[in-house]
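# Coordinate inspection notes
Listed below, chain by chain, are the residues.
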Amino acid sequence: MLTALPRKFRLGMQRTVLIAVLLAVGLFSYAFLNLKFCFKLMSHRSLNLMCQKFEQHEYSGSLCEELCATQTNFDNFQCPLNDMKTILFTAEKNGDVYAVKLARHNDDELSWKNSKGEAIYPKIEEFHEIVKLHIILAYNVTLDDNMIRALVNQEISDNNSQQMVSFWRLFKDNNYMMGKLFDEESIFPSVLGSCGPYYATEGLQIVQSNPSIMQYLASNRQQRLKHALNIMEYLFRLDEMKPEPLKMCKMQVNRFGLTPEHRLKYQSAEHVYVESQLDKRMSRGVRCHRHQDCNFHSCRGLCDEERQACTNIQQNNNFQIFCEHILLGSGTFQPGLLSGVRLARPLQKLIKMCIDPAKDQQVPGRRQAPNMQLAVRLYNEIKQLHQQTIAAAAGGGGGPVGGAGANDKANNDEVPPKQRQIP
């Protein structure tokens, strides 16, 4: 009896500790999910640093003045709902959501050393020319002097090298530059202001959250099919961009969101590139032993076996990535938009052709890229599937969906909505 008591006591203590740990984990999880608490704990440090640098005249910009003023119009500061890797925090101003981000560090020095070893920085006019040349080389876009001055829309003191360095960090950030250069096309969140290397973009209402196994069981098929059509229309717009198409090397369903005007945009342009620059990046001769060594995220390269070097341009395109990663997904735990939807065999075959197109269905020179004709066929088939799903829900009927056959010719004559091009 005496030896049993300590054992019971130990078991009781273990249970108590276990319950305490579980309660602590639960409380922490609840607190973390409370976005305002998350902001105070994590993101508030970024805001304090930004305002401190502004007070020390190291940062400048309209966003500094708005966020760091004693009486600011911003409220409801929170951690981001779905993208803590890109967005530091969100805030509201007059009912509009601002997503505050930080430009990536870059190793491209803006200064040079003189004979005495002193760092020399360019004058403001020289800085304009540096930015202009960078935009030409990186984006194949030529801006006149007035446009460059408008892009550098904040005052930089000639004697303040720190402000110029922080601006250079902005202009080397692909996410920021894509938002500025393609602002009129409304394909990425609009840049609403900056403060040193920090900048704010409009907030988006994410259409589809992270996919999960529950998507197989959910009854929101109409919504997912409509979302798939909207994404395809977005990709058609990217192919129509001027001076050249835009290519996405990362495509995630939970990054597409709507503006208050219900315009579909992609939340981050960090891995979006103009076609020529992506091709240069993928064919610059990096050593390789297999084709996968030449891939850049979802953009596929090709290894030259004789040279053992990546010397070929991108082999797939936006539509191949869309079919593989957005429509099909990666199995049970990362389902695609068509997971759980009964598909007729012809539509299944069409999706497989999109992922691995035959030679007569390829974009010339890109052996894993489905051509526009195949993309349009797929769009029309998904549109027909969507219409059938609506009709079945309204009439309470069922039956196979996404069929092809008698209606093939009529469907192939349809085209996705024409999108406005860059003038």
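Residues numbered from 1 in each chain as written. Predicted model: local features only at pLDDT ≥ 70, side-chain atom pairs only at ≥ 80, totals over all residues. Heavy atoms only, no water.

This brings us to the environment of phenylalanine 188. Relative to the helices and strands, phenylalanine 188 resides in the loop between helix H7 (174-181) and strand E6 (191-195). Taking the relative accessible area as the measure of exposure, phenylalanine 188 reaches 2% and is therefore buried. In the structure, phenylalanine 188 is positioned 16 residues away from leucine 204 in sequence and 9.9 Å away in space, judged by C-alpha atoms. With residues up to four places along the chain from it excluded, the contact list for phenylalanine 188 reads Met178, Gly179, Glu202, Tyr234, Leu246, Lys265, Tyr266, Ala269 and Val272. (Helix = DSSP H or I, 4+ residues; strand = E, 2+ residues; numbered from the N terminus. Buried < 20%, exposed > 50% of the residue type's maximum accessible area, 1.4 Å probe, protein only. Contact = heavy atoms within 4.5 Å.)

Right, let's talk about the sheet that holds strand E1 (residues 74-78) for a bit. Read from one edge of the open sheet, five strands run E1-E2-E3-E7-E6, paired in antiparallel fashion. Looking at the sheet topology across the chains shown, the edges are occupied by E1 and E6. On average, adjacent strands in this sheet sit at an angle of 25 degrees to one another, irrespective of strand direction. Note: strand E2 (residues 87-93) against strand E3 (residues 96-102), six bridges, orientation antiparallel. From the neighbouring strand, lysine 93 faces E3, where its bridge partner is aspartate 96. Together, E3, E6 and strand E7 (198-202) form the strand contacts of H7, whose direction differs from that of E6 by roughly 135 degrees. (Pairing = 2+ DSSP bridges. Axes fitted to C-alpha atoms, helices over the stretch in contact; angles between N-to-C directions.)

Here we come to the nonpolar core. Membership of the largest hydrophobic core comes to 75 residues, with the highest contact counts inside it found for Phe127, Phe171, Tyr234, Leu246, Phe322 and Leu378. Top element by residues in this core is helix H9 (residues 221-239). It accounts for nine residues. Core analysis: the second largest hydrophobic core is formed by 16 residues, Tyr59, Leu63, Phe74 and Tyr198 among them. (Core = buried A, V, L, I, M, F, W, Y, C linked by side-chain atoms within 4.5 Å.)

With that settled, consider the environment of asparagine 371. Note that asparagine 371 resides in the loop between strand E17 (366-370) and helix H13 (372-395). Judged by its relative accessible area of 12%, asparagine 371 falls in the buried class. Separated by eleven residues in the primary sequence, asparagine 371 and aspartate 360 place their C-alpha atoms 8.8 Å from one another. Setting aside residues up to four positions removed in sequence, asparagine 371 forms contacts with Asp360, Gln361, Gln362 and Val363.

Moving on: the layout of surface pockets. Estimated volume of the largest pocket: approximately 790 Å³. What lines the largest pocket is a set of 29 residues, among which Arg104, Lys172, Asp173, Asn174 and Glu270 lie closest to the centre. Of all elements in the fold, only E2, helix H4 (124-139), H7, strand E12 (272-274) and helix H10 (275-282) reach the threshold of two or more residues within the lining of the largest pocket. Considering only residue class, the lining of the largest pocket consists of 14 nonpolar, seven polar and eight charged. (1 Å grid on protein atoms, 1.4 Å probe; cavity = no way out; pocket = protein on both sides within 12 Å on 5 of 7 lines; lining within 4 Å. Points joined across faces, edges and corners; volume = space filled by probe spheres on them. Nonpolar A, V, L, I, M, F, W, Y, C, P; charged D, E, K, R; others polar.)

Remember that the coordinates give geometry; whether it matters functionally is a separate question.
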